[in-house]
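Coordinates in review
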Amino acid sequence: MATADISAGYLPGKLGSVPEPWVDPPWIEGDNDYHSVTEKVCSIAENPRPPMAWFIGFAIAASLAGAFGAMIGYLIITGVGVWGNQNSVSWGFPIVNFVFWVGIGHAGTLISAILFLFRQHWRTSINRFAEAMTIFAVVCAGTFPGIHVGRVWFAYYLFPLPETRLYMWPQFRSPLLWDVFAVSTYATVSLLFWYMGMIPDLATLRDRAVNPIRRFAYGLLSVGWTGSATQWRVYEKAYTLLAALATPLVLSVHTIVSFDFAVSQLPGWHTTIFPPYFVAGAVFSGFGMVLTLMIPAREWFGLKDIVTMRHIDCMCKVIIATGSMVGFAYLTEFFIAWYGGNPYEQFCFMNRAFGPTWWAYWTMVTCNVISPQLFWFKWVRERPLIIFIISIFVNIGMWFERFVIILSLERTFLPGSWQSFVPTWIDLGMLIGSFGLFFTLFLLFCRFLPIVAMSEVKQVMAHVDGHAKGSH
């Protein structure tokens, strides 16, 4: 059967004859075997001279991360007045950035846990990217609540410790407190899941290491892995158990983050659609960021046979689905505001679309609703550069979604309290700097750790399928 016919979805066969059975195209392309997969993935960490693009990207990202650290220092010395926050918009860029980064981390858990439990083979080449992205996004997200308290030496107030001697008595009915539990649990489980999945691959790097320092470091991280049948049996059970534990987090984390807004009594925020809307948006933005990271990485490190266009095609289809859910949620918000008959709600949504900050709303709609619809065309899904550009639009749109929600605070019940929000250069600098921190961590991950799950990829290679069917 011709490969082109299969990929185009045609089943050859003459009229009246029995069509040939469908044969799945391989997930790993080229003339690859177990050895070549190991060579390609390990050589990325073993090569003493990474691609020039890596050096350029790292220099830019590290510079931005350094500037981010300097601005945090300036904030601590000067106070939160350096932000554009004000009486009306008391939650400005810090909460926007926090929710954005938490949402970005969502796809990691989804790809790692849920797709693993459903035995979706297309996850194997991309799950390591997504898991790493989750960890680094949560690091960026966690920075903002810590510095938002102003006096960071009181950051321990964020912890749910009822203690009268420290003048701490958390409000356990507040979703802001629930956030602490949800995000910290999410970060812990995601880190554990990511690290545990890497252990067999870290042992491979240990066994191949020539430098004694690298051998010691990878040996320490691989915790004595030998690849025995007993270890694999325990590993598989533990990995499945962790996946089952992590799965509810996909729904719980961003549901609770949405409660930060939904339980308030403000027009535009007090709505029950926020939990599913936030979860769909988080998965949407997470998949967009995975594509943003993965497409250049597969090009720079020669992984096109392992991270194939078929994997990217599957991700584009998930983005179509979640982007459509997000667009439907935008329409539902408007409908409920009209149907509910509350004049404050109606004004809020009309103000979003046609008020002074209409540009933010329509940027959000263009990036989140219109741009993903291009993925309906197979021609678009076959071109990595176009997919990469659309994924950046998705990231921009999802940041603007949170920004639009915050801008609702500009005009609430009393016209006398209306005030426009204008971000300061520190606000903008910290937003850009958080991207620098994120990309710095990701580039270091690409340089020193296995960026593709070799052990899992080998399980879905074509000759393994044949072995499982007993064809030998």
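Below or above, wherever it landed, is the structure these notes cover. (Residues numbered from 1 in each chain as written. Predicted model: local features only at pLDDT ≥ 70, side-chain atom pairs only at ≥ 80, totals over all residues. Heavy atoms only, no water.)

**Focus: the overall build of the chain**
The cut-off we apply is this: To qualify as a helix, a DSSP run of H or I must reach at least 4 residues; to qualify as a strand, a run of E must reach at least 2; elements of each kind are numbered from the N terminus. Radius of gyration: C-alpha atoms only; globule rule: 2.2 Å multiplied by the number of residues to the exponent 0.38. Residue exposure (1.4 Å probe, protein chains only): buried if accessible area is under 20% of the type maximum, exposed if over 50%, otherwise partly exposed. The contact criterion used throughout is that any non-hydrogen atoms of two residues lie within 4.5 Å. The protein chains shown are the only cover counted for residues, whose accessible areas, like all others here, come from Shrake-Rupley with a 1.4 Å probe. A residue counts as positive if it is Lys or Arg and as negative if it is Asp or Glu; His and the chain ends are not included. Note on charges: their place is set at NZ of Lys, CZ of Arg, CG of Asp or CD of Glu.
Secondary structure summary: the chain contains 18 helices and zero strands in total. Computed over the C-alpha atoms, the radius of gyration of the chain is 24 Å, within 12% of the 23 Å expected from 2.2 N^0.38 for a compact globule of 472 residues. Summarising its shape, the C-alpha atoms of the chain cover approximately 80 × 65 × 40 Å along the three principal directions. With 472 residues in all, the chain has 51% of them scored as buried. Considering only contacts within the chain whose residues lie at least 6 apart along the sequence, 78% involve residues at least 24 apart. Roughly 22,200 Å² of accessible area belongs to the chain as shown, and the carbon and sulfur atoms make up 70% of that amount. Averaged over its 28 positive side-chain charges, the chain has a centre that lies 3 Å from the centre of its 26 negative ones.

**Some remarks on the pattern of salt bridges**
Short version of the rule: Should a side-chain nitrogen of Lys or Arg be within 4 Å of a carboxyl oxygen of Asp or Glu, the pair is scored as a salt bridge.
Counted according to the given criterion, the structure contains 13 salt bridges. When the shortest N-O distance is used, the salt bridge between aspartate 305 and lysine 40 registers 3.1 Å. With aspartate 305 in the loop between helix H10 (274-300) and helix H11 (309-340) and lysine 40 in helix H2 (residues 34-46), this residue pair connects regions lying 265 residues apart in the sequence. Via salt bridges that share partners, Glu39, Glu46 and Arg208 belong to a single interconnected network.

**A short note on the environment of phenylalanine 100**
Within the secondary structure, phenylalanine 100 is located in helix H4 (residues 93-104). Exposure remark for phenylalanine 100: the relative accessible area of 1% places this residue in the buried category. Counting along the chain gives 53 residues from phenylalanine 100 to tryptophan 153, while the straight-line C-alpha distance between them is 25 Å. Once residues lying within four places of it in the same chain are set aside, the contact partners of phenylalanine 100 are Asn395, Met398, Trp399, Arg402 and Phe435.

**Observations regarding the packing of aromatic side chains**
The criterion, for reference: Aromatic pairing here means that ring centres of Phe, Tyr or Trp (its six-membered ring) are within 6.5 Å. Orientation follows from the plane angle: under 30 degrees is stacked, over 60 is edge-to-face, and everything else is tilted. Should the NZ of a Lys or the CZ of an Arg lie within 6 Å of a ring centre and within 35 degrees of the ring normal, that charge is described as sitting over the ring.
A full pass over the atoms with the stated rule returns 49 aromatic pairs. Residues phenylalanine 261 and phenylalanine 274 carry aromatic rings whose centres are separated by 6.5 Å and whose planes lie at 75 degrees to one another, so their mutual orientation is edge-to-face. Highlighted residues: phenylalanine 261 in helix H9 (residues 229-262) and phenylalanine 274 in helix H10, separated in sequence by 13 residues. One exposure class covers both phenylalanine 261 and phenylalanine 274, and it is buried. Each member of the aromatic cluster is reached from another via a ring pair, and the members are Trp91, Phe261, Trp269, Phe274, Tyr277, Phe278 and Tyr330. Across the ring face of tryptophan 27, the terminal group of arginine 310 is positioned such that the distance to the ring centre comes to 3.7 Å. Positioned over the ring face of phenylalanine 448 is arginine 447, at 5.5 Å from the centre of the ring.

**What about H4?**
Stated formally: A helix is expected to reach a length of 1.5 Å times the quantity of its residues less one.
Between its first and last C-alpha atoms H4 spans 16 Å; for 12 residues at 1.5 Å apiece the expected length is 16 Å, and the two agree. Buried residues dominate H4, accounting for 12 of its 12 residues. All buried positions along H4 are accounted for by Phe93, Pro94, Ile95, Val96, Asn97, Phe98, Val99, Phe100, Trp101, Val102, Gly103 and Ile104.

**A look at unusual backbone geometry**
The backbone of arginine 119 shows a phi angle near 55 degrees, a positive value even though the residue is not glycine. On the secondary structure map, arginine 119 appears in the loop between helix H5 (106-117) and helix H6 (127-148).

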